[in-house]
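Here are the chains, one letter per residue:
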Amino acid sequence: MSRKALWEADLDEDLQDVDLNLAIGTYGQNGLYDDAQPRIDEATLVAVQHQVAQQQAFAQIPDVVKRFIAHFHQAVLENNLAEITVAYESGWNRLTEKFYSKTEWPEAEVIAPLVNDDQIFLILYRELYYRHVYSRLTPDIDDRFHSYENSCELFNYLLNSDGPVALELPEQWLWDIIDEFIYQFQSFCVWRSKVKSKTEEELTLLAEGSQVWSSYSVLNVLYSLIQKSKINEHLVALQEGKSTEEIAEIVGEYGTRPLYKLLGYFSVIGLLRVHSLLGDFTLALKVMENVELNQKSPFTRVTACHVTTYYYVGFCYIMLRRYPDAIRAFVSILNFILRMRQYHTRSYQYDQINKTADRMYALFAICNALSPTRVDDNISNIVKERYGEQFTKMSRGEEGIPAFEELFVYACPKFIAANPPPYDDPELLQSFVEEPPVEPAQRHLQLFLSEVRAQAPVPTLRSFLKLYTSLDASKLANFLDADEEDMVQQLMVMKQASRSVSRVDNEKGLLDGQMISTSDLDFVINDNMVHIAESTVGRRYAGWFIRNTEHAQRVLDTLRNAPLPIPAKPAGQPAEATGKSEAQPASASARTGGQKVAWGSVKVA
């Protein structure tokens, strides 16, 4: 049965208990509006109008959407993961494209009769509803506040119920819940920081709702899910090789449930993202100490989670000056995306994965400019194709700083401030508007560029040292148009830039590592002589042969699949004669019994 048939075909049986044609109440005169009778009070009138409006909105919902929602609800009630997955990943997106690409889905109160007013399903429905508003439309302040309230209801239900809840959701949806929760928090913080664009009503609501989307509340949810699921204890037990029974005893009744275990695991990845957005890159990697970065980790089962994890880990390494580790992270995930490209086209998140990959290519270019190293040729070629001009500029020292700034601003996360503007104090708010603080993105950009400027002399100095095995210090100073003291300082900057902490022996924690040399050029200063040693890495031919073999195979497949060209008819030749002349070679070639060639014709012996 096709996916579409799951909610479009023969679903009348599922809807026997649902009245799709709700009767609109008769609010006739019945003497209520006679002057002798008291009029309906305003609150009742508003309630009646609201009910009528809901019924009119319900009547406008297409029947296929009604059937889909009823079927979706039934699948959630039965914890049928297969049907939930199809409805979530396929049905919702297809109906969005067809009916709601530029408008909201029906509100939860409108579709409530279809699901027997099931509050748990309505919370899940609102989660999808607000995600659609954030991704396709422009949320207003009510949407932002209500999406926060709905998230609180969902996590309160999961964390504060009596025992684990009887709910099963697909891995992709669980990741999207955490991912969207953090995205809406990030979006709200960016919107909240723009004080000048706020209306009086928005200023009032922000003053009263200072705890809405606060950093504390978001971090509290993520840490609570980690603590409830005991996911860190679970990961440690797995690394120690404990049995399933021992792990179940360690993590308890919550940690054994897939819902809580996955939400806890994805919350660890979420903390990596939140701490990165807040600018605490050390703590961001610290919370990941029990998560192994390899192809067997649970986060690899959800491609979006896989890509997000490596993006933020790589970016944290850049900000901590651990460029070799950042390069290793980016090469790993970018190669994975290249290998799985044909499958990603089927994913509804294909565009988002591509955008994140493009940003990682830009970050890779930054790393390779600051710490030149020989890396995968596939990745290098793509980087040169997309950012070749910027990469060339970044290799020229001081004049390459605008190129570093351009790529960093494009590829960095949208940083947020932990504290909101003082909306509850008009005087402080006025001074905030007059003298706004430095935006988080600009602050991190300046910190990064200060490191880049410190290394600005390195490319020029490196180009001179590569020409010699030993060089007089005064001669090198003349090359650099500097005195010997400045020259020694530049040499020390180069020495420092070629040293970095790196995970060379697959240390357990992402912050662990050893100090290594990252450059193929080293030197020592003895008296007034600079002695240079350059280590050359032999060319790796295996990758070259593999790439060209794959290229030849793609060319051959293209030729095989291409249609044969139609021979041109000689001018002025009758149609019958042409038919006969075409028939003869075909029969002649058939008589030869020749061998068939790749594109289907016969090779004459």
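The notes below deal with the structure included here. (Residues numbered from 1 in each chain as written. Predicted model: local features only at pLDDT ≥ 70, side-chain atom pairs only at ≥ 80, totals over all residues. Heavy atoms only, no water.)

### Considering the overall build of the protein chain
Thought 1: Looking only at helices and strands, the protein chain has 27 helices and 7 strands in total.
Thought 2: When contacts within the protein chain are restricted to residue pairs at least 6 apart in sequence, those whose partners lie at least 24 apart make up 69%.
Thought 3: Summing over all exposed atoms, the protein chain offers an accessible surface of approximately 33,100 Å²; the carbon and sulfur share of this is 51%. (Helix = DSSP H or I, 4+ residues; strand = E, 2+ residues; numbered from the N terminus. Contact = heavy atoms within 4.5 Å. Areas by Shrake-Rupley, 256 points an atom, 1.4 Å probe, with all protein chains shown as cover.)

### Observations regarding the pattern of salt bridges
Thought 1: With the rule as written, the count across this model stands at 13 salt bridges.
Thought 2: Across the salt bridge formed by R322 and D325, the nearest N and O atoms sit 2.8 Å from each other. Just as R322 is buried, D325 falls in that class too.
Thought 3: With a shortest N-O distance of 3.5 Å, K393 and E389 are connected by a salt bridge. You can see K393 and its partner E389 sitting in helix 19 (residues 377-394), 4 residues apart, about one turn around the helix.
Thought 4: On the basis of relative accessible area, K393 is assigned to the partly exposed category, the value being 35%.
Thought 5: Members of the salt-bridge network, linked through shared partners, are E127, R131 and D176. (Salt bridge = Lys/Arg side-chain N within 4 Å of Asp/Glu carboxyl O. Buried < 20%, exposed > 50% of the residue type's maximum accessible area, 1.4 Å probe, protein only.)

### Let's talk about the environment of F330
Thought 1: Residue placement: F330 occurs in helix 16 (residues 323-339).
Thought 2: The contact partners of F330, leaving out residues within four places of it in the chain, are Y310, Y311, G314, F315, I318, M360, L363, F364 and C367.

### Observations regarding helix 22 (residues 440-454)
Thought 1: Between its first and last C-alpha atoms helix 22 spans 22 Å; for 15 residues at 1.5 Å apiece the expected length is 21 Å, and the two agree.
Thought 2: Those residues of helix 22 not exposed but buried are P440, H444, L445, F448, L449 and V452. The arc enclosing the buried residues of helix 22, seen along the axis, measures out at 160°, which places them on a common side.
Thought 3: For helix 22, the elements touching its buried residues are helix 14 (281-286), helix 15 (303-319), helix 18 (350-370) and helix 20 (401-411). (Expected span 1.5 Å × (residues − 1). Arc of directions from axis to C-beta.)

### With respect to the pairing of strand 2 (residues 499-502)
Thought 1: The alternating pattern of strand 2 places S500 and S502 on a buried face and R499 and V501 on a face that is not buried.
Thought 2: The sheet contact formed by strand 2 and strand 3 (residues 514-517) spans 4 bridges and is antiparallel. Within strand 3, the residue paired with S500 across the bridge is I516. (Pairing = 2+ DSSP bridges.)

### Observations concerning unusual backbone geometry
Thought 1: In this structure, N79 is a non-glycine residue whose phi angle is positive, near 50°.
Thought 2: As for its position among the elements, N79 is in the loop between helix 3 (63-77) and helix 4 (81-99).
Thought 3: Residue N79 is classed as partly exposed on the basis of its relative accessible area of 26%.
Thought 4: One non-glycine residue, K230, lies in the positive phi region at around 50°.
Thought 5: Relative accessible area serves as the criterion here: at 33%, K230 is assigned to the partly exposed category.

### Quick look at the sheet that holds strand 4 (residues 521-526)
Thought 1: The strand order 1-5-4 describes an open sheet built from 3 strands, whose pairing is antiparallel. The two strands at the open ends of the sheet, each matched to only one other strand, are strand 1 (470-472) and strand 4. Taking each pair of neighbouring strands and ignoring which way they run, the sheet shows an average axis angle of 25°.
Thought 2: The pairing of strand 4 with strand 5 (residues 529-534) spans 6 bridges and is antiparallel. Bridge pairing in strand 5 links N526 to M529. (Axes fitted to C-alpha atoms, helices over the stretch in contact; angles between N-to-C directions.)

### Re the nonpolar core
Thought 1: Formed by 141 residues in total, the largest nonpolar core has its most connected members in F72 and F448.
Thought 2: Residues in contact with F72, not counting those within four places in the same chain, are I84, A87, Y88, F121, L128 and W173.
Thought 3: Membership of the second largest hydrophobic core comes to 16 residues, among which are L465, L471, L491 and M494. (Core = buried A, V, L, I, M, F, W, Y, C linked by side-chain atoms within 4.5 Å.)

### Things to note about a negative patch on the surface
Thought 1: A cluster of acidic residues, E104, E107, D140, D142 and E201, forms a negative patch on the protein surface.
Thought 2: Here E107 lies in the loop between helix 4 and helix 5 (108-111). (Patch = residues over 30% accessible without salt bridge, like charges linked within 9 Å, V, L, I, M, F, W, Y side chains within 5 Å. Lys, Arg positive; Asp, Glu negative; His and termini not counted. Charge placed at Lys NZ, Arg CZ, Asp CG, Glu CD.)

### Regarding a nonpolar patch on the surface
Thought 1: The grouping of V488, M492 and I525 at the surface amounts to a nonpolar patch, some 240 Å² of accessible area in total.
Thought 2: On the secondary structure map, I525 appears in strand 4.
Thought 3: Exposure remark for I525: the relative accessible area of 39% places this residue in the partly exposed category.

### With respect to helix 4
Thought 1: Along its 19 residues, helix 4 runs 25 Å from first to last C-alpha, staying within 8% of the 27 Å computed at 1.5 Å per residue.
Thought 2: Among all positions in helix 4, only I84, V86, A87, Y88, S90, G91, W92, L95 and T96 are buried.

### Observations regarding the side chain of R131
Thought 1: Along the polypeptide, R131 turns up in helix 6 (residues 119-136).
Thought 2: A relative accessible area of 14% means that R131 is categorised as buried.
Thought 3: Among all residues touching R131, those that are not within four sequence positions of it are Y88, W173, D176, I177, E180 and Q184.

### As for the packing of aromatic side chains
Thought 1: Enumeration over the complete set of coordinates arrives at 27 aromatic pairs.
Thought 2: On the numbers, 6.3 Å between centres and 75° between planes, the contact of Y134 with Y183 is edge-to-face. Of the two residues, Y134 sits in helix 6 while Y183 sits in helix 8 (residues 171-192), which places them 49 residues apart along the sequence.
Thought 3: Since its relative accessible area comes to 6%, Y134 is described here as buried. (Phe/Tyr/Trp six-rings, centres within 6.5 Å; stacked < 30°, edge-to-face > 60°.)

### Comments concerning the packing of helix 4 against helix 8
Thought 1: Relative to each other, helix 4 and helix 8 sit at 50°, their axes nearing to 9 Å. In terms of axis orientation, helix 4 runs oblique to helix 8. Contacts from I84, Y88 and E89 of helix 4 reach helix 8 at Q172, W173 and D176.
Thought 2: When the residues that make up the contact of helix 4 with helix 8 are grouped by side-chain class, the tally is 3 nonpolar, 1 polar and 2 charged. (Parallel < 35°, antiparallel > 145°, perpendicular 65-115°, else oblique. Nonpolar A, V, L, I, M, F, W, Y, C, P; charged D, E, K, R; others polar.)

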